[in-house]
Amino acid sequence: MKLSAEAKNLRAVIEHAIEDHKITKAEYDRIIHQATEDGHLDRQELALLKELQGMIADKTVKIVP
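Peer 1: Quick question: what am I supposed to make of the overall build of the protein here?
Peer 2: The secondary structure content of the protein amounts to three helices and two strands. For 65 residues, the compact-globule estimate of 2.2 N^0.38 gives 11 Å, and the protein sits close to it at 11 Å. Structurally, the protein occupies a C-alpha span of about 30 × 20 × 15 Å along its principal axes. Evaluated residue by residue, the protein yields a buried proportion of 31% over its 65 residues. Residue pairs at least 24 apart in sequence account for 72% of intrachain contacts in the protein once pairs closer than 6 positions are excluded. Of the side chains in the protein, 10 bear a positive and 12 a negative charge, and the two mean positions are spaced by 4 Å.

Set out below in structure tokens:
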């Protein structure tokens, strides 16, 4: 499946946050803002957000101040 432009941008932001296994509250807020910016979450964006949320839940990625 081909990623939409919005999903590609979202993936880049999420991958950057995952690289160092931590994410700041500001980065997390920016990801949520970017995902919802167009008023529509497509399946790809939703899958990326679920992946990030799962990584936060299992502490693969930690939210830091």
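Next comes the rest of the account.
Peer 1: Teacher, can you tell me more about the packing of helix α1 (residues 5-19) against helix α2 (residues 25-36) here?
Peer 2: Describing two packed helices takes the angle between their axes plus the distance from one axis to the other. Packing of α1 against α2 brings their axes to within 10 Å, and their N-to-C directions diverge by 170°. Considered as vectors, α1 and α2 are oriented roughly antiparallel to each other. Contacts between α1 and α2 involve E6, N9, L10, V13, I14 and A17 on the former and, on the latter, I31, Q34 and A35. Of the residues contributing to the contact of α1 with α2, the split by class is six nonpolar, two polar and one charged.

Peer 1: Can you help me understand α2 in this one?
Peer 2: Since one α-helical turn is 3.6 residues long, residues separated by three or four positions face the same way. The terminal C-alpha atoms of α2, which comprises twelve residues, lie 17 Å apart, in line with the 16 Å expected from a rise of 1.5 Å per residue. If you check which residues of α2 are buried, you get E27, Y28, I31 and A35. The buried residues of α2 occupy an angular sector of 100° when projected down its axis, which confines them to one face. Seen from the buried face of α2, the exposed residues on the opposite side, beyond 90 degrees, are A26 and H33. On its buried side, α2 packs onto α1, β1 (22-24) and α3 (43-57).

Peer 1: So what exactly am I meant to see when it comes to α1 here?
Peer 2: The end-to-end C-alpha separation of α1 is 21 Å, in line with the 21 Å expected for 15 residues at 1.5 Å each. Burial in α1 covers these residues: A7, L10, I14, A17 and I18. Around the axis of α1, the buried residues are gathered within 95° of arc, so they sit on the same side. Turned more than 90 degrees away from the buried face of α1 sit A5, H16 and E19, all of them exposed. Considering only its buried residues, α1 is in contact with β1, α2 and α3. The positive-phi residue at the C-terminal boundary of α1 is H21, with phi of around 60°.

Each value, and the rule that gives it
- Residues numbered from 1 in each chain as written.
- Predicted model: local features only at pLDDT ≥ 70, side-chain atom pairs only at ≥ 80, totals over all residues.
- Heavy atoms only, no water.
- Helix = DSSP H or I, 4+ residues; strand = E, 2+ residues; numbered from the N terminus.
- Rg over C-alpha atoms; globule rule 2.2 N^0.38 Å.
- Buried < 20%, exposed > 50% of the residue type's maximum accessible area, 1.4 Å probe, protein only.
- Contact = heavy atoms within 4.5 Å.
- Lys, Arg positive; Asp, Glu negative; His and termini not counted.
- Charge placed at Lys NZ, Arg CZ, Asp CG, Glu CD.
- Axes fitted to C-alpha atoms, helices over the stretch in contact; angles between N-to-C directions.
- Parallel < 35°, antiparallel > 145°, perpendicular 65-115°, else oblique.
- Nonpolar A, V, L, I, M, F, W, Y, C, P; charged D, E, K, R; others polar.
- Expected span 1.5 Å × (residues − 1).
- Arc of directions from axis to C-beta.

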